[in-house]
Amino acid sequence: MENSGEFSPQIPREILSNKQDKWLNLLGEDTRKRGYESMGGNTESIYEPKPRSLVDKNGFSCVSSDYFKETLITPIREKKSTEMVVPLNKIIALDTTEKPGRMNNNSTRLPWEIDSHTSVEEFRRLIKENKFDFNDASGLYGLELPGGYFLATGGRHRLTAMFLENVSEVKLQVNKIKDPKEFEFTEHYHEHDIQEGLNNGKIKGKIEENSDHSKKLVLEEPLKNPLQLFDYRVSDELLDVLAQTLSTS
């Protein structure tokens, strides 16, 4: 019998891989993969992200904007900022991490606050009383990342208050990405790592020289999310924050 009528077509591999490609970095490695040494030898596991807000109940951010200095590449952005409305769950780093050097002597303020600035609690009160001006974007700055995500680089007190009061969106002055396919190297030696990826086919694109003799990476396709900016060093905290909008299923 040539055909039983129960033909099951083979699922293309691309469909299977697309379920996980949101967690891949620039080199095609799963950023959730964790390797560690055990008595039985080296072991690998997959970290399962736990969706959580960027800012915890104490007002501290679990991911600092400085963390993105550790990426291999960074987008080339417009020098002039554009005012735009940004969902708070798309802001994935904020400079409010808990650091001893930011302590002050005022017990009514969070440890990282500066005495000359309005406190987070005062901004929270204004939001609760409907007296907060959500149209005022002065001092609220952000940098665009691939996939419609953002780093917050200014207005941390107001942003923290908004996170704590469950505000859904904010108006920011954003330095937008110039070309979603073009990137600068965060460190000179990263060019070698990228070139290796280009040579072995893990990265699709080319390295070009600018008029000032600096180098840039020009990809064939835009990046889909911020994880693709990294190599192997991606924190659990960043994965947890991204899991709000990058489904693990």
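Scroll up for the structure.
In this report, we go over the structure that sits alongside the text. (Residues numbered from 1 in each chain as written. Predicted model: local features only at pLDDT ≥ 70, side-chain atom pairs only at ≥ 80, totals over all residues. Heavy atoms only, no water.)

Points about the pattern of salt bridges
Part 1: All told, the structure shown has 17 salt bridges when counted by the stated rule.
Part 2: Two residues, Glu 122 and Arg 125, come together in a salt bridge whose shortest N-O distance is 2.5 Å. Of this pair, Glu 122 and Arg 125 are both found in helix H2 (residues 120-128), three residues apart, which corresponds to roughly one turn of the helix.
Part 3: Classification of Glu 122 as partly exposed rests on a relative accessible area of 29%.
Part 4: Judged by its relative accessible area of 33%, Arg 125 falls in the partly exposed class.
Part 5: Across the salt bridge formed by Glu 129 and Lys 131, the nearest N and O atoms sit 3.3 Å from each other.
Part 6: Residue Glu 129 is classed as partly exposed on the basis of its relative accessible area, which comes to 37%. (Salt bridge = Lys/Arg side-chain N within 4 Å of Asp/Glu carboxyl O. Helix = DSSP H or I, 4+ residues; strand = E, 2+ residues; numbered from the N terminus. Buried < 20%, exposed > 50% of the residue type's maximum accessible area, 1.4 Å probe, protein only.)

Regarding H2
Part 1: Burial in H2 covers these residues: Val 120, Phe 123, Arg 124, Leu 126 and Ile 127. Buried residues of H2 fall within an arc of 160 degrees about the axis and therefore sit on the same side.
Part 2: Where H2 is buried, its residues contact helix H3 (156-164).
Part 3: One or two residues past the end of H2 sits Asn 130, with phi positive at roughly 60 degrees. (Arc of directions from axis to C-beta. Contact = heavy atoms within 4.5 Å.)

Considerations on the packing of aromatic side chains
Two numbers describe a pair of aromatic rings. These are the distance of the centres and the angle of the planes.
Part 1: Enumeration according to the criterion identifies five aromatic pairs in this entry.
Part 2: With 6.0 Å between their ring centres and 80 degrees between their planes, Phe 123 and Phe 132 make a pair best called edge-to-face. Taken individually, Phe 123 and Phe 132 each receive the classification buried, so the pair is uniform in this respect.
Part 3: Grouping aromatic residues by their ring pairs yields a cluster made of Tyr 67, Phe 68 and Phe 230.
Part 4: Lys 90 extends its terminal NZ or CZ atom over the ring of Tyr 149, reaching a point 4.5 Å from the ring centre. (Phe/Tyr/Trp six-rings, centres within 6.5 Å; stacked < 30°, edge-to-face > 60°. Lys NZ or Arg CZ within 6 Å of the ring centre and 35° of its normal.)

As for the layout of surface pockets
Part 1: One number sums up the size of the second largest pocket: a volume of about 180 Å³.
Part 2: Taken together, 14 residues line the second largest pocket, and the ones lying closest to its centre are Ser 65, Phe 68, Lys 69, Leu 143 and Leu 151.
Part 3: Broken down by secondary-structure element, the contributors of at least two residues to the lining of the second largest pocket are strand E3 (73-75) and strand E6 (141-145).
Part 4: Across the lining of the second largest pocket, the residue classes tally to six nonpolar, five polar and three charged. (1 Å grid on protein atoms, 1.4 Å probe; cavity = no way out; pocket = protein on both sides within 12 Å on 5 of 7 lines; lining within 4 Å. Points joined across faces, edges and corners; volume = space filled by probe spheres on them. Nonpolar A, V, L, I, M, F, W, Y, C, P; charged D, E, K, R; others polar.)

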